[in-house]
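# Observations on the three-dimensional arrangement
For reference, the chains in residue letters:
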Amino acid sequence: MFEMGRETIALPLEEKLKFGEGDDGTSFGYRAAGSTIIDQAGTRNVTEYLNISKDDALAWPIPVHRTYPSTVNERMESTVKPFIQISLAINHLLIDVLNDKLGLPKGALASLHKPGKHSGCASRCIRAPPHMELERKTFLAAHTDFGSLSFLHNRLGGLQVLPPGAERWYYIKPLSGHAICNIGDALNIFSGGILRSNIHRVVPPPGEQARHERWSLVFFTRPNDVVELRALTDKSQMIADAITRAPVGKYEPGVTAKDWLVRRVKTRRARHWTGPENWNTRKGTEDTPLPQQG
């Protein structure tokens, strides 16, 4: 997958832009550097992304959402599809474990994440440039992930997390042969806040690592498009009890999983940026104030 990502992002910009995500909230295709806003000051991204839809990979060679560059098509059967299938299997195993821990009926969470139904599930390959300047730079500002689970493969440092109530950021050191799993907004909502959507960001790798390009690979497991995001209080007493301690309506956003995803993607696009006043329109389920420093 890393080789496929390198080959694709090495293509001429003109060729990559033929397969761009667009500005309508779609999360599949190529995302160019400078195309999204990453902070309240209006800073533009320096990273490049390649997002491949789970639906497109599993239905290959029939397009479901879009087409992809030749470098992706050439590896769809041998590399992309197997990666997505394995990622789905691992994440669905974790979903089943969390399902039982939440006191939900067997298969309750799995029924909201059916692989054969359309969803925002996607693999993503990310390239960040080397960064040796003294000026501090952020590759990806503080945020929560949009879906249920994110399965991340890193080779260099730079990922930082903000634990509940923390006053500073903590690095997550990459470990060979290991992946990092984040819980996202959807599971936070389904669980009535019992499962926390992790706040994280990406900065240039520390020390000598910053001399290198930073490549990462993610698989996002997201609920099916038509699933309503709401706390599953009717299926779990544990969740019902948690809701009694939460602000009214916090876990009832009144939208589908697709609506949530489209809003969070679309409002990040530079084309839709009008100034600091619309920054909060892109937020997820963040629950901890960001540190003033660092």
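The sections below set out a description of the structure shown in this document. (Residues numbered from 1 in each chain as written. Predicted model: local features only at pLDDT ≥ 70, side-chain atom pairs only at ≥ 80, totals over all residues. Heavy atoms only, no water.)

## Observations regarding the sheet that holds strand 4 (residues 140-143)
As summarised here, the arrangement of the four strands in space is 4-9-6-7, forming an open sheet in which the pairing is antiparallel. Looking along the sheet, the strands with just one partner apiece sit at the ends: strand 4 and strand 7 (170-171). In this sheet, strand 7 lies alongside strand 6 (residues 159-162) in antiparallel orientation, the contact comprising two bridges. What sits directly across from Val161, in strand 7, is Tyr170. (Pairing = 2+ DSSP bridges. Helix = DSSP H or I, 4+ residues; strand = E, 2+ residues; numbered from the N terminus.)

## With respect to helix 8 (residues 257-266)
Among the residues of helix 8, Ala257, Trp260, Leu261, Arg264 and Val265 are the ones counted as buried. The arc that holds the buried residues of helix 8, viewed along the axis, is 120 degrees, so those residues lie on one side. Next to the buried residues of helix 8 lie strand 1 (29-31), strand 4 and helix 6 (185-190). (Buried < 20%, exposed > 50% of the residue type's maximum accessible area, 1.4 Å probe, protein only. Arc of directions from axis to C-beta. Contact = heavy atoms within 4.5 Å.)

## Let's talk about the pairing of strand 10 (residues 214-221)
Most of strand 10 is tucked away, with eight of its eight residues classed as buried. Along strand 10, one buried face is formed by Arg214, Ser216, Val218 and Phe220 and the opposite face, lined by Trp215, Leu217, Phe219 and Thr221, is buried too. Bridge count for strand 3 (residues 122-128) against strand 10 is seven bridges, and the pairing is antiparallel. Residue pairing across strands places Ser123 opposite Phe219, the latter belonging to strand 10. Here strand 5 (residues 149-154) runs beside strand 10; their pairing, made up of six bridges, is antiparallel. Bridging from a neighbouring strand, Leu149 pairs with Thr221 of strand 10.

## Describing the environment of Thr36
Among the secondary structure elements, Thr36 is positioned in the loop between strand 1 and strand 2 (48-53). As for Thr36 and Lys101, which are separated by 65 residues in sequence, their C-alpha atoms are 37 Å apart. Beyond its immediate sequence surroundings of up to four residues, Thr36 is in contact with Arg31, Thr43, Arg44, Asn45, Arg268, Arg269 and Ala270.

## Observations concerning a nonpolar patch on the surface
A contiguous nonpolar surface patch, about 230 Å² in accessible area, is contributed by Ile86, Ile90 and Leu94. For Leu94, a relative accessible area of 31% gives the class partly exposed. (Patch = residues over 30% accessible without salt bridge, like charges linked within 9 Å, V, L, I, M, F, W, Y side chains within 5 Å. Areas by Shrake-Rupley, 256 points an atom, 1.4 Å probe, with all protein chains shown as cover. Salt bridge = Lys/Arg side-chain N within 4 Å of Asp/Glu carboxyl O.)

## Re the packing of aromatic side chains
Scanning all chains against the criterion turns up one aromatic pair. For the ring pair Trp273 and Trp279, a centre distance of 6.4 Å and an interplane angle of 75 degrees mean the geometry is edge-to-face. Residue class for Trp279 comes out buried when judged on its relative accessible area of 13%. Taking NZ or CZ as reference, Arg155 lies 3.9 Å from the ring centre of Phe2, over its face. The positively charged end of Arg263 is found above the aromatic ring belonging to Trp260, 4.6 Å away from the centroid. (Phe/Tyr/Trp six-rings, centres within 6.5 Å; stacked < 30°, edge-to-face > 60°. Lys NZ or Arg CZ within 6 Å of the ring centre and 35° of its normal.)

## What to know about the sheet that holds strand 3
Here we have six strands laid out as an open sheet, ordered 1-2-3-10-5-8, and antiparallel in their pairing. Since the sheet does not close on itself, it has two edges, and those belong to strand 1 and strand 8 (180-183), each with one partner. Strand after strand, the sheet turns through a mean of 20 degrees between neighbouring axes, direction not considered. Of the pairings in the sheet, the one linking strand 5 to strand 8 comprises four bridges and is antiparallel in character. (Axes fitted to C-alpha atoms, helices over the stretch in contact; angles between N-to-C directions.)

## Some remarks on the environment of Phe19
Relative to the helices and strands, Phe19 resides in the loop between helix 2 (13-17) and strand 1. Each C-alpha atom of the pair Phe19 and Gly29 lies 5.6 Å from the other, and the pair is 10 residues apart in sequence. With sequence-adjacent residues up to four places away left out, Phe19 is seen in contact with Gly29, Tyr30, Arg66, Thr67, Tyr68 and Pro69.

## Thoughts on the pattern of salt bridges
A complete count under the given rule lists 18 salt bridges for this structure. Salt-bridge contacts for Lys54 lead to Asp55; the nearest nitrogen and oxygen are separated by 2.7 Å. For Lys54, a relative accessible area of 1% gives the class buried. For Asp55, a relative accessible area of 5% corresponds to the buried category. With a closest N to O distance of 2.6 Å, Asp185 and Arg264 form a salt bridge. Of this pair, Asp185 sits in helix 6 while Arg264 sits in helix 8, and the two are 79 residues apart along the sequence.

Nothing here speaks to function; it is geometry throughout.
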